[in-house]
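What the coordinates show
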Amino acid sequence: MYVAKGLTAHCLPPWQALGSLCSPWAAPRVGPLPPAPAMVRISKPKTFQAYLDDCHRRYSCAHCRAHLANHDDLISKSFQGSQGRAYLFNSVVNVGCGPAEERVLLTGLHAVADIHCENCKTTLGWKYEQAFESSQKYKEGKYIIELNHMIKDNGWD
């Protein structure tokens, strides 16, 4: 008797339990099973770690459309990234962090970690880990995303 892996004869229709792969009227099959058809590779759908609420204006990755931040988390639009203008956000989603390193930026010495989109791995900007000047402490734990790596998504007029 030929039984599919994980199935027992009582789970199969009678003609398959008897060994026929065609119909209930075919003669019982003798010999080994034919080779399985080639498997069709199904690509994994893009899934994000977090989806932001549809009723809010949001920013998404310009390269893969992964959600990045709600407009409500925007602190400032007057920042400069390494490749142009950037926005400062209080919190972001679907973003991974690299190791922190000290950099001298326009506003002084900071410990920052590059951030990247978790979906497409594009470097988006950085996270302020530590500010060494007291006037810059408000940036600690905040995120810079450069404009050329994000788009406005959902609810913008």
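The chain has the name Protein yippee-like in an unreviewed UniProt entry, where Echinops telfairi is given as its organism. Quoted verbatim from the Sequence similarities (unreviewed entry) heading of the UniProt record, the comment on the chain is "Belongs to the yippee family."

On the surface, R57, K77, R85 and K152 cluster together to form a positively charged patch. Tracing the sequence through the fold places R85 in strand β4 (residues 84-89). R85 gets classed as partly exposed once you look at its relative accessible area, which sits at 49%.

The computed volume of the largest pocket comes to approximately 310 Å³. Lining of the largest pocket is provided by 20 residues; of these, Q80, G81, S82, L105 and W126 occupy positions nearest its centre. Every element with two or more residues in the lining of the largest pocket is listed here: β3 (74-81), β5 (95-105) and β7 (123-131). Looking at side-chain class alone, the lining of the largest pocket contains seven nonpolar, nine polar and four charged residues.

How each quantity is defined
Along each chain, numbering runs from 1 in the same order as the chain's sequence is written. Selection of residues for local features in this predicted model requires a pLDDT of at least 70, selection of side-chain atom pairs for listing and counting requires 80 or more, and totals for whole chains, interfaces and linings are taken over all residues. No hydrogens and no water enter the side-chain calculation; it runs on all heavy atoms of the structure. UniProt positions are given in the numbering used here, feature names are shortened, and annotations may be inferred rather than shown by experiment. Patch members must show over 30% relative accessible area and no salt bridge, and they are joined within 9 Å when carrying like charges or within 5 Å when they are nonpolar side chains of Val, Leu, Ile, Met, Phe, Trp or Tyr. Each accessible area is a Shrake-Rupley result for a 1.4 Å probe, and residues are judged covered by the shown protein chains and nothing else. Any carboxyl oxygen of Asp or Glu that lies within 4 Å of a side-chain nitrogen of Lys or Arg is treated as forming a salt bridge with it. We count Lys and Arg on the positive side and Asp and Glu on the negative side, and we leave His and both chain ends out. Charge placement uses NZ in Lys and CZ in Arg. For Asp and Glu, CG and CD serve respectively. Only DSSP runs of H or I covering at least 4 residues are called helices, and only runs of E covering at least 2 are called strands; the numbering of each starts at the N terminus. The classification of residues rests on relative accessible area computed with a 1.4 Å probe and restricted to protein chains. Under 20% of the type maximum is buried, over 50% is exposed, and intermediate values are partly exposed. Using only the protein atoms, space was sampled on a 1 Å grid; points where a 1.4 Å probe fits but cannot get out form cavities, open sets with protein on both sides within 12 Å along at least five of seven lines form pockets, and lining residues are those with an atom within 4 Å of a point. Grid points are joined across faces, edges and corners, and a volume is the space filled by probe spheres set on the points. Note that Gly is not counted as nonpolar here; it falls among the polar residues with everything else outside the nonpolar set of Ala, Val, Leu, Ile, Met, Phe, Trp, Tyr, Cys and Pro and the charged set of Asp, Glu, Lys and Arg.

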